[in-house]
Amino acid sequence: MPAAGRHHRGHIVSAGQTLDPNVPGIGLTGCGIISQCLLEGAELAGIPIRAVCDVDREKAARAAQRVGARVRETYEELLADPDIQAVIIALPNDAHYFAALQALDAGKHVFCEKPLTTSAAQSLEVARRAEASGLVFQMGYMKRFNPAFSAVKQRLHQIAPVTTASFRLTVSGDPVLEGPGREPSSWHADIKRAGGGFLVHSGSHLLDLMMFYFGLPEAVWGSLRRDASGNEYTNSFMFRFPDGLYVSLQMVQTRARGLGYAGSTWEEIVEVNGVNGRLAARGADWMGKIPPRATFHPADGEGPRELFTFWESQWAEEMKAFVTGIAEGRCLGSTAADGYRVDYVLEQLKRLENESGALELRYEL
Ligand SMILES: NC(=O)c1ccc[n+]([C@@H]2O[C@H](COP(=O)([O-])OP(=O)(O)OC[C@H]3O[C@@H](n4cnc5c(N)ncnc54)[C@H](O)[C@@H]3O)[C@@H](O)[C@H]2O)c1
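Each chain carries its own residue numbering, running from 1 in the direction its sequence is written. It should be noted that, the model being predicted, local features are given only for residues of pLDDT at least 70 and side-chain atom pairs only at 80 or more, the latter also being counted only at that level, while totals for whole chains, interfaces and linings use all residues. Think of the side-chain values as coming from all heavy atoms in the structure, minus any hydrogens and water.

### Remarks on the sheet that holds strand E11 (residues 266-274)
Only when DSSP finds a minimum of two bridges between them are two strands counted as paired. In this text, helices come from DSSP runs of H or I with a minimum length of four residues, and strands from runs of E with a minimum of two, each type numbered from the N-terminal end. If you trace the nine strands from one edge of the open sheet to the other, you get E14-E13-E12-E11-E7-E10-E9-E8-E15, paired in mixed fashion. Two strands in the sheet have a free side with no partner beyond their single neighbour: strand E14 (305-306) and strand E15 (359-360). Along the sheet face, helix H6 (residues 147-159) touches strand E7 (162-172), E11, strand E12 (277-283) and strand E13 (293-298) and points at about 175° away from the line of E12. Only heavy atoms enter the contact rule, under which two residues are in contact if any of them lie within 4.5 Å. Note on definitions: angles span 0 to 180 degrees between N-to-C directions of axes, and those axes are lines fitted to C-alpha atoms, for helices only across the stretch in contact.

### Here we look at the site of the ligand
Lining the immediate surroundings of the ligand are 23 residues, of which Ile34, Asp54, Asn93, Lys114 and His188 lie closest. Ile33 places a main-chain nitrogen or oxygen 2.9 Å from an oxygen atom of the ligand. Glu113 places a polar side-chain atom, nitrogen or oxygen, 3.1 Å from a nitrogen atom of the ligand. Coverage of the ligand by the protein chains reaches 84% of its 850 Å² of free accessible surface. Amino acid classes used here: Ala, Val, Leu, Ile, Met, Phe, Trp, Tyr, Cys and Pro are nonpolar; Asp, Glu, Lys and Arg are charged; the rest, including Gly, are polar. Residues of the shell around the ligand, tallied by class, amount to ten nonpolar, eight polar and five charged. We call a residue near a given molecule or strand whenever any one of its heavy atoms falls within 4 Å of it. Residues adjacent in sequence count toward polar contacts only when both atoms are side-chain atoms; beyond that, a polar contact is any pair of N or O atoms within 3.5 Å, and within protein one must be able to donate a hydrogen and the other to accept it. All accessible areas in this document rest on Shrake-Rupley with a 1.4 Å probe, and a residue is counted as covered only by the protein chains that are shown.

### Here's the deal with the pattern of salt bridges
The salt bridge definition used is simple: a Lys or Arg side-chain nitrogen within 4 Å of an Asp or Glu carboxyl oxygen. Evaluation of the coordinates by the stated rule reveals 24 salt bridges. In this structure, Asp81 engages Arg72 in a salt bridge whose closest nitrogen and oxygen atoms are separated by 3.0 Å. The buried label applies to any residue whose accessible area, calculated with a 1.4 Å probe on protein chains only, is under 20% of its type's maximum; exposed applies above 50%, and partly exposed to all values in between. Judged by its relative accessible area of 5%, Asp81 is buried. Across the pair Glu271 and Arg278 runs a salt bridge, and its minimum N-O distance is 3.2 Å. Three or more residues joined by partner-sharing salt bridges are found here, namely Arg144, Asp208, Asp338 and Arg341.

### Some thoughts on the layout of surface pockets
There is about 160 Å³ of room inside the second largest pocket. Using protein atoms alone on a 1 Å grid, points that fit a 1.4 Å probe yet trap it form a cavity, whereas open point sets bounded by protein on both sides within 12 Å along at least five of seven lines form a pocket; residues with an atom within 4 Å of a point count as lining. If you trace the second largest pocket, you find it lined by Phe145, Asn146, Pro147, Ser150, Ala151, Gln154, Phe308, Phe310, Glu312 and Glu317. Ranked by the residues each element gives to the lining of the second largest pocket, the list is headed by H6, at four residues. Class assignment for the residues of the lining of the second largest pocket results in five nonpolar, three polar and two charged. Grid points are joined across faces, edges and corners, and a volume is the space filled by probe spheres set on the points.

### Quick notes on the nonpolar core
In globular proteins that are soluble, nonpolar side chains generally tend to be buried together. One finds Phe137, Phe167, Phe214 and Phe239 to be the most contacted residues of the largest nonpolar core, which totals 77 residues. Per element, the largest residue contribution to this core is ten residues, and it comes from helix H8 (residues 198-214). Residues belong to one nonpolar core when they are buried, are Ala, Val, Leu, Ile, Met, Phe, Trp, Tyr or Cys, and are joined through side-chain atoms within 4.5 Å. Counting residues in hydrophobic clusters, the runner-up holds 30 residues, among them Ile26, Cys31, Leu39 and Ala60.

### What to know about empty space enclosed by the protein
Under the definition given, this model contains two cavities of 30 Å³ or more. Taken as a whole, the largest cavity encloses approximately 80 Å³ of empty space. What lines the largest cavity is simply Pro115, Thr117, Thr118, Ser119, Ala120, Ala194, Gly195, Val200, Asp343, Leu346, Glu347 and Lys350. No other element matches helix H10 (residues 336-351), which puts four residues into the lining of the largest cavity. In terms of residue class, the lining of the largest cavity is built from five nonpolar, four polar and three charged.

### Some words on the environment of Gly244
If you trace the backbone, Gly244 turns up in the loop between strand E9 (232-240) and strand E10 (246-254). On a C-alpha basis, the gap between Gly244 and Pro217 in space is 9.9 Å, while along the polypeptide they are 27 residues apart.

### With respect to the pairing of E11
Within E11, seven of the nine residues are buried, which leaves the element mostly enclosed by the surrounding structure. The sheet contact formed by E7 and E11 spans nine bridges and is antiparallel. What sits directly across from Ser166, in E11, is Glu271. Across seven bridges, the pairing between E11 and E12 is antiparallel. What sits directly across from Glu268, in E12, is Gly283. Turn length for the E11-E12 hairpin, with the two strands adjacent in sequence and antiparallel, is two residues.

### With respect to the packing of helix H5 (residues 120-133) against H10
The geometry of H5 relative to H10 is characterised by a closest axis approach of 8 Å and an angle of 165° between their N-to-C directions. Between H5 and H10, the interaxial angle falls into the category roughly antiparallel. Classified by chirality, the crossing of H10 by H5 is left-handed. Contacts from Ala120, Ser123, Leu124, Ala127, Ala130 and Glu131 of H5 reach H10 at Ala336, Ala337, Tyr340, Asp343, Tyr344 and Glu347. Among the residues forming the contact of H5 with H10, the class breakdown is eight nonpolar, one polar and three charged. Any angle between 65 and 115 degrees counts as roughly perpendicular, while under 35 counts as roughly parallel, over 145 as roughly antiparallel, and the rest as oblique. Take the far helix as your reference; a near helix turned counterclockwise from it by less than a right angle gives a left-handed crossing, and one turned clockwise gives a right-handed crossing.

Next comes the structure, spelled out in structure tokens:
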């Protein structure tokens, strides 16, 4: 429950009120780095988390204490709890496949961190099972809830027809998989357990955003270069969409420091040009702690206009969407099918290490 007197924007429960009986009982498995963002989001939105589990009992105990949840010894115990209707899966990537299937088998709604699994075949299976279950299955692609990136989506019709677009991520200083807090033994840097390196870790978000804006690309070409450990260190691609739109995606890592705005080490820039204007968004850290920006340069020349004036937590919005989606019986974020499509495209992009021609993209879902 939220602490008394604290400001909560979600207002699903406020201090002193009893729980809305329609709010589902939510359990969380995996109390690591990302769980802290998700628990913060749930707290800000006033969404209670009733139970948590982790193989590391200390981490589970800390998370439980933070949000006033019970600790469950195992994931099976969490799923067997009749008070739990939905689970958040915040486990290492190679554990998503079984955890997601187990949750669906137990009849629980699922929020699964990205990527859906570590292979397109496994993701397709999970996505098909999720669709057949009728349960809500939301992916952890939270950039859809970032105010800058969602503002661009909302205004696309104002600059239509869209002529060109680009997505660029620059990570400056420590490379993503070597940064502070990354132990060499961490699963994050284990290309097999993570399903890939920089491309999977960070590019997956940009692919989800690209598909959110423009639908499914039908072909791609470009270049992917790995470092000695097999990590996709540099990625540069051009996607073709069915209506003839071409969109570029560039992912850069450089040891030069602080190249992002506000001196950040992380910067995502999205630029969409249309006959009637330009939309641009900049995110300066993946956690969204540094306020992002979005601008609109309209055709009438009265620009640029800032697109939002208040700053909300992308994590709170993401958690609210999950709970609201369960109440409405539909996913309000990135679906399991979207998760499969991202994983399928990621798998195709990895082939560009050895191929120079265009690859046709043929989705099975
Ligand atoms: N949305 C984002 O921007 C974002 C950012 C970071 C991580 N993630 C995703 O979140 C997931 C977790 O990443 P992380 O950085 O928090 O990793 P992490 O290693 O910090 O946390 C994973 C936790 O899972 C626990 N665990 C491992 N196996 C378990 C099992 N079988 N049962 C219960 N607990 C188990 C570990 O003890 C650990 O506490 C990954 O899928 C990652 O890709 C997403």
